Amino acid sequence: QQQVKQSPQSLIVQKGGISIINCAYENTAFDYFPWYQQFPGKGPALLIAIRPDVSEKKEGRFTISFNKSAKQFSLHIMDSQPGDSATYFCAASTEGGRFGAGTRLTVKP
Amino acid sequence: SQTIHQWPATLVQPVGSPLSLECTVEGTSNPNLYWYRQAAGRGLQLLFYSVGIGQISSEVPQNLSASRPQDRQFILSSKKLLLSDSGFYLCAWSPEPGLNTGELFFGEGSRLTVL
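For clarity, every value in this text was computed on a predicted model and none was experimentally measured.

Please clarify how the packing of aromatic side chains should be interpreted in this entry.
Ring pairs (aromatic) are described by centroid distance and by the angle formed between their planes. Residues and elements named next belong to chain A. Applying the stated criterion across every chain yields a total of 18 aromatic pairs over all chains. Summarising the aromatic geometry, the rings of Tyr36 and Phe99 are spaced 5.4 Å apart at their centres and angled 50 degrees between planes, so their arrangement reads as tilted. Highlighted residues: Tyr36 in strand 4 (residues 33-38) and Phe99 in strand 10 (residues 98-99), separated in sequence by 63 residues. Judged by relative accessible area, Tyr36 falls into the buried class, the value being 1%. For Phe99, a relative accessible area of 9% translates into the label buried.

Below, the structure is given as structure tokens:
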């Protein structure tokens, strides 16, 4: 049973554009919603995370928007750069993580 | 500071052979430990997690098993590998309950190819 659904599966964005990745979850007990970034051959690393008591969190070019009533959250990457090209995973958890299927982002120069 | 080590980094094994992947965490005590598998181009599938020595929870029935013989050591094993066991195996840890911010810290991964 997939508890976190992520879309799109792949995304191609021009340099300077906005990348948007969406996730939806089912379990209302989840209280932590992180995004991880993974480069080829490496383990994922935390990029940004949000708790359900806020609707938005911004760190540099990365923003999480959170809609508790819709059980959805999204990652926005502003001014996307070629170095942002990676696979991005959303997750939802109480502890540990249930991950989305991942989005392969390619930023073209 | 905390570090996590996984080995081997790369492994090529014949079908039917045994498997042992090791993971150790340094710089923390009583961590939660996790094994994930990532098939090519796919997401992260939680295989096992452990909240303490000898305490293993399995997420999916499979050809694999896990053990935690020491507080900061987590081992993934198989007696007989299948072709479908090929993938990228990731060990991760999170702080013990009560200190847990929710973040997972991943190792560098072990790439297993079963031929």
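What should I look at first to understand the nonpolar core in this one?
One broad trend across soluble globular proteins is that nonpolar side chains are buried collectively. Counting 24 residues, the largest nonpolar core has Phe33, Trp35, Phe73, Leu75 and Tyr88 of chain A as its most contacted members. Mapped by element, the contributors of at least two residues to this core are strand 2 (10-14), strand 3 (19-25), strand 4, strand 5 (45-50), strand 7 (62-67), strand 8 (72-77), strand 9 (86-92) and strand 11 (103-108) of chain A. With 4 residues, the single largest contributor to this core is strand 9 of chain A. The next biggest cluster of nonpolar side chains, apart from the first, holds 19 residues, and it includes Leu47, Ala66, Leu81 and Tyr89 of chain B.

How do you make sense of the sheet that holds strand 1 (residues 3-7) of chain B when you look at a structure like this?
Sheets are built from strands that pair by backbone hydrogen bonding, the pairs being arranged parallel or antiparallel. Residue and element names in this part refer to chain B. The antiparallel open sheet is built from 4 strands, whose spatial order is 1-3-8-7. Both outer strands of the open sheet, strand 1 and strand 7 (65-70), are each paired with one neighbouring strand and no more. Averaged over neighbouring strand pairs, the angle between their axes works out to 20 degrees when direction is ignored.

How should the pattern of salt bridges be read in this particular structure?
It is possible for side chains bearing opposite charge to pair when their charged atoms get close. The tally for this structure, following the rule as stated, stands at 6 salt bridges over all chains. The partner of Asp84 of chain A in a salt bridge is Arg61 of chain A, with the nearest N and O atoms 2.8 Å apart. With a gap of 23 residues between them, Asp84 of chain A in the loop between strand 8 and strand 9 and Arg61 of chain A in the loop between strand 6 (56-59) and strand 7 connect regions that are remote in the sequence. Relative accessible area serves as the criterion here: at 5%, Asp84 of chain A is assigned to the buried category. The partner of Asp85 of chain B in a salt bridge is Arg37 of chain B, with the nearest N and O atoms 3.8 Å apart. With Asp85 of chain B in the loop between strand 8 (73-78) and strand 9 (87-94) and Arg37 of chain B in strand 4 (residues 32-38), the pair connects residues that are 48 residues apart, well separated along the chain. An identical accessibility class is assigned to Asp85 of chain B and Arg37 of chain B; each is buried.

Where do I start with the state of the cysteines in this structure?
In a disulfide, the sulfur atoms of two cysteines are covalently bonded to one another. One pass over the full model with this rule turns up 2 disulfides over all chains. The partner cysteine of Cys23 of chain A in its disulfide is Cys90 of chain A, sulfur to sulfur 1.7 Å. On the sign convention where negative is left-handed, the bridge of Cys23 of chain A and Cys90 of chain A, at about -90 degrees about the S-S bond, is left-handed. Remark: Cys90 of chain A occurs in strand 9 and Cys23 of chain A occurs in strand 3; sequence separation between them is 67 residues. By relative accessible area, Cys23 of chain A is classed as buried at 3%. One disulfide in the model links Cys23 of chain B with Cys91 of chain B; its S-S distance is 2.0 Å. Between Cys23 of chain B and Cys91 of chain B, the S-S dihedral sits near -75 degrees, and the bridge is therefore left-handed. Within this pair, whereas Cys23 of chain B is found in strand 3 (residues 19-26), its partner Cys91 of chain B is found in strand 9, the two being separated by 68 residues in sequence. You can call Cys23 of chain B buried: its relative accessible area is 1%.

Rules behind the numbers
Residues numbered from 1 in each chain as written. Chains lettered and ligands numbered in written order. Predicted model: local features only at pLDDT ≥ 70, side-chain atom pairs only at ≥ 80, totals over all residues. Heavy atoms only, no water. Phe/Tyr/Trp six-rings, centres within 6.5 Å; stacked < 30°, edge-to-face > 60°. Helix = DSSP H or I, 4+ residues; strand = E, 2+ residues; numbered from the N terminus. Buried < 20%, exposed > 50% of the residue type's maximum accessible area, 1.4 Å probe, protein only. Core = buried A, V, L, I, M, F, W, Y, C linked by side-chain atoms within 4.5 Å. Pairing = 2+ DSSP bridges. Axes fitted to C-alpha atoms, helices over the stretch in contact; angles between N-to-C directions. Salt bridge = Lys/Arg side-chain N within 4 Å of Asp/Glu carboxyl O. Disulfide = S-S within 2.5 Å.

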